[in-house]
Amino acid sequence: MFSKLPIQAVRGAASAIRTHQIPGHRLPLAKYGGRHTVCALPGDGIGPEMIAHIRKIFSFCHAPINFEEVQVSSSLLDGDMDAALLAIQRNGVAIKGNIETKHDDPQFNSRNVELRTKLDLYANILHCVTIPTVPTRHNGIDIVLIRENTEGEYSGLEHETVPGIVESIKIVTREKIERISRMAFEYAKANGRKKVTAVHKANIQKLGDGLFLKVVREMSEEYKDIKFEAMIVDNASMQLVSKPQQFDVMVMPNLYGNIISNIACGLVGGPGLVSGMNLGDKYAVFETGTRNTGTSLAGKDIANPTAFIRASVDMLRYLGCHYHANIISDALWKSLVEQRIHTADIGGQNSASDVVNATLQNIEKLMDEHPKN
């Protein structure tokens, strides 16, 4: 169980953005002398400055984390991807910025996809929740999105049979559908969630999505206490933007998960707020929920650091550093909600450094009030 701060430390609904329990039992691969070594992949765009913010926060609150930084970018550098994979395999855990994918080069494979497939990070999990002071069209949103992360339309099997005719192959397997389905129901069970919604297009893709729907429905029979429903992806998109409060946990194949996740992030305030976990049986990579590089914002100290801070909290929770995860999460909540330190993307005038510095001040107060035993 998590170590908990006294209830006074959780001001308002600060627990709303605390990381949920993560199903499964994993042993840390690189813990020595009470400290964890994790791989840091700054990536492109705002990634490097955001990793610097995380380092500053962790150092300030004495989080027991050492970073091994490995640079992987959209530039094709020989060996950089191999070095990154080796570092993650050695340490078990990474936090990363997004790596830009070149759209104009058919030979350029997404390095983000390559990381997920080679490390078998089969589950992408986002928690999209309303933050009271962030202006949005809807209130009361609290949705968990669980996306299959390694196959489907992202299998990378495309070819041009004759000029002007392209075939793109979607691969789905019962084995991988079963494990993402179990992750969804186990996640719901571990966190007291009441409903799982499977998102599909089985009315058109009768074999591929038909298999997905069949397997998730079969899995639901093992979890009688959790309500199960299925929804076609186009209707799910409409329902999300009209009445998102109806959703609890959503599970879906790879491509639909990408689209639905971005919609949900937009509903709660945009790409700067939501973190994303990529989990496998051995390894985990933590990043922002929408996987955008923010290149136009780089070097200007204006990009919202909230998503990266929440990603770092997710990582701490995964590693069992619950005290530091709660301290940082509650301090961030105080900055956003009580002090209303907002960057421009959510209607404010503060810089990224303002958010980080306010969070550091709040961390100091919380640690004084509730020192670690």
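Residues numbered from 1 in each chain as written. Predicted model: local features only at pLDDT ≥ 70, side-chain atom pairs only at ≥ 80, totals over all residues. Heavy atoms only, no water.

Within an unreviewed UniProt entry, the label attached to the protein chain reads Isocitrate dehydrogenase [NAD] subunit, mitochondrial, and the organism entered is Caenorhabditis tropicalis. UniProt, in the comment section headed Subcellular location (unreviewed entry), describes the protein chain in these words: "Mitochondrion". As stated in UniProt under Sequence similarities (unreviewed entry), the record for the protein chain gives "Belongs to the isocitrate and isopropylmalate dehydrogenases family." (UniProt positions renumbered as here; feature names shortened; annotations may be inferred.)

Here we come to the overall build of the protein chain. When helices and strands are tallied, the protein chain shows 10 helices and 13 strands. Computed over C-alpha atoms, the radius of gyration of the protein chain comes to 20 Å, within 12% of the 21 Å expected from 2.2 N^0.38 for 373 residues, which places it in the range of a compact globule. When its C-alpha atoms are laid out on the principal axes, the protein chain stretches across 65 × 50 × 40 Å. Relative to its full complement of 373 residues, the protein chain shows a buried share of 57%. For the protein chain, the share of sequence-separated contacts (at least 6 apart) that also reach a separation of at least 24 residues comes to 75%. (Helix = DSSP H or I, 4+ residues; strand = E, 2+ residues; numbered from the N terminus. Rg over C-alpha atoms; globule rule 2.2 N^0.38 Å. Buried < 20%, exposed > 50% of the residue type's maximum accessible area, 1.4 Å probe, protein only. Contact = heavy atoms within 4.5 Å.)

This next bit is on the domain arrangement of the protein chain. For the protein chain, the assigned domains are domain 1 (11–126 + 274–372) and domain 2 (136–268). Summarising the inter-unit geometry, the C-alpha centres of domain 1 and domain 2 are found 24 Å apart. Contacts between domain 1 and domain 2 engage 19 residues on the former and 21 residues on the latter. When the two sides are added together, the surface that domain 1 and domain 2 hide from each other amounts to roughly 1900 Å², 57% of it contributed by carbon and sulfur. A per-residue breakdown of the area domain 1 buries against domain 2 is headed by His20, Tyr122 and Leu126, which together make up 33% of the total. Applying the counting criterion to the domain 1 and domain 2 interface returns 1 salt bridge. (Domains from an automatic or database assignment. Buried area = accessible area lost by both parts, 1.4 Å probe. Salt bridge = Lys/Arg side-chain N within 4 Å of Asp/Glu carboxyl O.)

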